[in-house]
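If you want the building blocks of each chain, they are given just below.
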Amino acid sequence: MIFIGERINTGFKDVKAAVENKDADVIKSWAVKQTEAGATYLDVNLGAVSSKPEDLCWMIEQVQAASDLPISIDTNKPVMLKEAVPLCKKPPLINSTTAVDEKMEAMFPIVAEYNASIVGLAMDEAGSPKTADKRVENAGKLLAKAMEFGINPEQLFLDPIVMPLKYMQEQAQEILSGASQFRLFSDPPPHIVCGLSNIANGTTQKKLINRTFAVMLVANGLDAVICDVTDEDLVNALLTAELVMNKQIYADSYIEAFRS
Amino acid sequence: MQIPDVSEKWTAPINTVTIGATKDQGGTRAKTVTVGGQTTLPFLTFEGELPHKPVIAGFVADTPPDWPDVLKQAIGKEVESPVEWAQKCVQDYKVDLISLKLVGAAPAGKDASPDACAKVVADVLKAVDVPLVLWGCGDDEKDNLVLPDCSQAAKGENCLIGSAKETNYRTVVAICKSDKHKIIAEAPVDINIGKQVNILLQDAGFDLKDVVMFQTTAALGYGFDYVYTILERARVAGLKGDKLMACPQICDVGGEVWRIKEAVVDEDVLPGWGKLAKRGPMWEATCASVYLQAGADILIMAHPEAIKNVQATIQQFS
């Protein structure tokens, strides 16, 4: 499982304040905490706090000062990426592009140049997809276009677009069915990722819903997730789901081994 | 039409493990032996890197094992002396390493003392200049007494010491850490325990980059296919990025084959099976060659003809 730690995001008040006040300690401590929890990538999201590339670069530098993990750069603005990607010590994950031609044509050259990876959202000009078929169509576009730029399927993380369960209950099955079909695109298949917490938006059982849906997604091919990696129950459920899917070899201490 | 590239791209290499230490490295070996480092499955040279060929360790024991005469005669009188046997393995059979098993320490057998075992280790190290794989007798309680002395006698020689199991790994880790040896991690034909032993070794502070996995070995006809699939599955997991399974693997082919009826009993008992003198070494060579395909990096072998045959196979496929 590829765990992308979501916590360094200005959507969280402490991170927002840290960026505004240039308080490096908050950023660094989240980098350390998520690294210790077993993250594979650390997502860095400047959000709407600033539109200055140097602010995003500052965040990345703080993260890299505290952790050796590769960065997931959470922006869809090529201007930002051109400054941020060269700063990364390890090939980053760029989060994200949609299946819109213009967008892909602006982002994919950067991915190819830096041997990075990219999250491809299965949505297009028409917005969020309503059906599994539309998700598959958009994902197919993303993969085909990526390959034109010499990007391998392993560098592409397809996101079926998770919708809130509470408001769009019928969508969950479409998401699962879409993800399941992404697996058939190529061998080896592209990664399948999602921004998990969207599923539980507005609910009173956020952690339980996140965890349940995550496990169901793994059964449908999910192998990467943007989530709260410090949520031990969630991570343990995902590790277990990978065993159930025979993606990892079982050992009695599989949970401890992940954290050692 | 362009032929599509169907080669597999794996994500991680197998660990590289070096056994033995030269004078410069604090030992007395003439050369070291390195295994592992592959980025693809065995012999698929078109698909990835295979920087180190599989190697053969000559089977030597402190006491002659309970073997059929065809094997003892093929080796000669040297089978009675671990020193001479080891020398013959190196000089005549051109093996890459010596695997010394202290079967004489077994309480049910000779019950040799730790001192006596350590002396054998020292003598063998003096007699040959290839790296050494060192095993206790397999009885945990006795090995806990024998292995520390033997390890001490080989201090600085960077031996590969076996074996660490779920039940005794702490002792083996302690001696290998203090005397700077590598470890053989053993599991009883069970990939889950195999992974668990590696987790335990790692938790005990031993670097898995200094570990060779031993999934135990089965002779053809006696669970061979189980062991084959375990070796292969472990190797695939390692190449896919499972760091707990990325260790090179060792097979004790000589130690297993010469215990089964097909390699022990002649035509008079098994009519139509052919002469044992030919069948025995064939059985050993066949098992060894197939384990190479499964992902074995070190083969422990006994019969000179079988060794010769498998050396040629390695040469041919590498």
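Residues numbered from 1 in each chain as written. Chains lettered and ligands numbered in written order. Predicted model: local features only at pLDDT ≥ 70, side-chain atom pairs only at ≥ 80, totals over all residues.

Trainee: If you had to explain the overall build of chain B to someone new, which residues and values would you point to?
Mentor: Looking only at helices and strands, one finds 11 helices and 10 strands in chain B. Its C-alpha atoms give chain B a radius of gyration of 19 Å, near enough to 20 Å, the size a compact globule of 318 residues would have. Its C-alpha atoms give chain B principal-axis dimensions of about 65 × 55 × 35 Å. Among the 318 residues that make up chain B, the fraction classed as buried is 50%. Counting contacts in chain B only where the partners sit at least 6 residues apart, residues at least 24 apart contribute 69% of the total. (Helix = DSSP H or I, 4+ residues; strand = E, 2+ residues; numbered from the N terminus. Rg over C-alpha atoms; globule rule 2.2 N^0.38 Å. Buried ≥ 20, exposed ≤ 12 C-beta atoms within 10 Å, placed from the backbone. Contact = placed C-beta atoms within 7 Å.)

Trainee: Break down the overall build of chain A for me, citing the residues and quoting the values.
Mentor: A count of helical and extended segments in chain A gives 10 helices and eight strands. A globule of 260 residues ought to have a C-alpha radius of gyration of about 18 Å, and chain A, at 17 Å, matches this closely. Across the 260 residues of chain A, 48% fall into the buried class. Counting contacts in chain A only where the partners sit at least 6 residues apart, residues at least 24 apart contribute 69% of the total.

Trainee: Can you tell me about the domain arrangement of chain A, naming the residues and giving the values?
Mentor: All names here are of chain A. By domain assignment, chain A separates into domain 1 (1-32 + 42-78) and domain 2 (91-259). Distance between the C-alpha centres of domain 1 and domain 2: 21 Å. Taken together, the contacts link 15 residues of domain 1 with 22 residues of domain 2. Elements represented by at least two residues in the side of domain 1 that touches domain 2 include exactly β1 (2-9) and β3 (71-73). Per-element accounting of the side of domain 1 that touches domain 2 gives the leading share, six residues, to β1. For the side of domain 1 that touches domain 2, the residue count by class is eight nonpolar, three polar and four charged. (Domains from an automatic or database assignment. Nonpolar A, V, L, I, M, F, W, Y, C, P; charged D, E, K, R; others polar.)

Trainee: Help me get a handle on the interface of chain B and chain A, residues and values and all.
Mentor: Between chain B and chain A, the contact holds 11 residues from the first and nine residues from the second. Looking at the side of chain B that touches chain A element by element, the count peaks at seven residues for helix α6 (residues 191-203) of chain B.

Trainee: Can you lay out the sheet that holds strand β3 (residues 55-61) of chain B for me, pointing to particular residues and giving the numbers?
Mentor: Residue and element names in this part refer to chain B. Ordered in space as β8-β7-β6-β5-β4-β3-β10-β9, the eight strands form an open sheet in which the pairing is parallel. Sheet topology places β8 (211-214) and β9 (250-252) at the edges, where each strand pairs with a single neighbour. Pairs of neighbouring strands in the sheet enclose a mean axial angle of 25°, with direction left out of account. Pairing of strand β5 (residues 132-135) with strand β6 (residues 160-164) involves three bridges; the strand directions are parallel. Across the sheet, L134 pairs through a bridge with I161, a residue of β6. Docked against the sheet, helix α11 (residues 304-317) engages β3 and β10 (298-301), running at close to 155° with respect to β10. (Pairing = 2+ DSSP bridges. Axes fitted to C-alpha atoms, helices over the stretch in contact; angles between N-to-C directions.)

Trainee: Run through the sheet that holds strand β2 (residues 41-45) of chain A, naming residues and quoting values.
Mentor: Residues and elements named next belong to chain A. Within the open sheet, the eight strands sit side by side as β7-β6-β5-β4-β3-β2-β1-β8. Their pairing is parallel. Bordering the open sheet on either side are β7 (191-192) and β8 (224-227), each of which pairs with just one other strand. As paired elements, β1 and β8 share four bridges and run parallel to each other. Bridged to G5 within β8 is C227. The sheet strands contacting helix α3 (residues 53-66) are β1, β2 and β3, and the helix crosses β2 at an angle near 155°. Together, β4 (93-97) and β5 (117-121) form the strand contacts of helix α5 (residues 101-113), whose direction differs from that of β4 by roughly 170°.

Trainee: Give a description of the environment of B:A219 that names residues and reports values.
Mentor: Residue and element names in this part refer to chain B. The residue A219 is located in the loop between β8 and α7 (224-239) in this model. Sequence separation between A219 and A237 is 18 residues; the distance between their C-alpha atoms is 24 Å. For A219, the residues in contact, after removing those within four places along its chain, are F224, E256, V257, I260 and C287.

Trainee: Tell me what's going on with helix α7 (residues 171-182) of chain A, and back it up with residues and numbers.
Mentor: Residue and element names in this part refer to chain A. Look at α7: 17 Å from first C-alpha to last across 12 residues, which is about the 16 Å you get at 1.5 Å a residue. Burial in α7 covers these residues: Q171, E174, I175, G178, A179 and F182. Along α7, the residues classed as buried sweep out an arc of 130° about the axis, all on the same side. Contacts from the buried residues of α7 go to α6 (132-148), β6 (156-159), β7 and α8 (206-218). (Expected span 1.5 Å × (residues − 1). Arc of directions from axis to C-beta.)

Trainee: Tell me about the environment of A:F3, residues and numbers included.
Mentor: All names here are of chain A. Mapped onto the fold, F3 is located in strand β1. Put simply, F3 and V193 are 190 residues apart on the chain and 9.5 Å apart in space, counted from C-alpha to C-alpha. Ignoring sequence-local partners within four residues, the contact set of F3 consists of G38, A39, T40, V225, C227, V229 and V235.

Trainee: Can you explain the packing of helix α4 (residues 140-153) of chain B against helix α5 (residues 169-179) of chain B? Please cite residues and give values.
Mentor: Residues and elements named next belong to chain B. In the contact formed by α4 and α5, the axes pass within 10 Å of each other and the chain directions differ by 10°. The orientation of α4 with respect to α5, classified from their angle, is roughly parallel. Across the interface between the two elements, N144, L147, P148, S151 and Q152 of α4 pack against T171, V172, I175, C176 and D179 of α5. Across the contact of α4 with α5, the residue classes break down as five nonpolar, four polar and one charged. (Parallel < 35°, antiparallel > 145°, perpendicular 65-115°, else oblique.)

Trainee: So, α4(B): which residues are in play, and what are the values?
Mentor: Each α-helix turn comprises 3.6 residues. Residues three or four places apart therefore point the same way. Residue and element names in this part refer to chain B. Its 14 residues give α4 an end-to-end C-alpha distance of 20 Å, which sits within 8% of 20 Å, the value for a rise of 1.5 Å per residue. Taking the largest bend as the criterion, α4 deviates by roughly 30°, centred on V146, and proline P148 comes between one and four positions later. The complete set of buried residues in α4 reads K142, D143, V146, L147, C150, S151 and A153. Against α3 (114-127), β5, β6 and α5 lie the buried residues of α4. (Bend = angle between axes of the 7 residues up to and from the residue.)

Trainee: Can you explain the pairing of β10(B)? Please cite residues and give values.
Mentor: Residue and element names in this part refer to chain B. The two faces of β10 match: I298 and I300 on one face and L299 and M301 on the other face are all buried. Sheet topology places β3 next to β10; four bridges connect them, and they run parallel. Of the residues in β10, the one forming a bridge with V55 is I298. Of the strand pairs in this sheet, β9 and β10 are connected by three bridges, and their pairing is parallel. Bridge pairing links C251 to L299 in β10.

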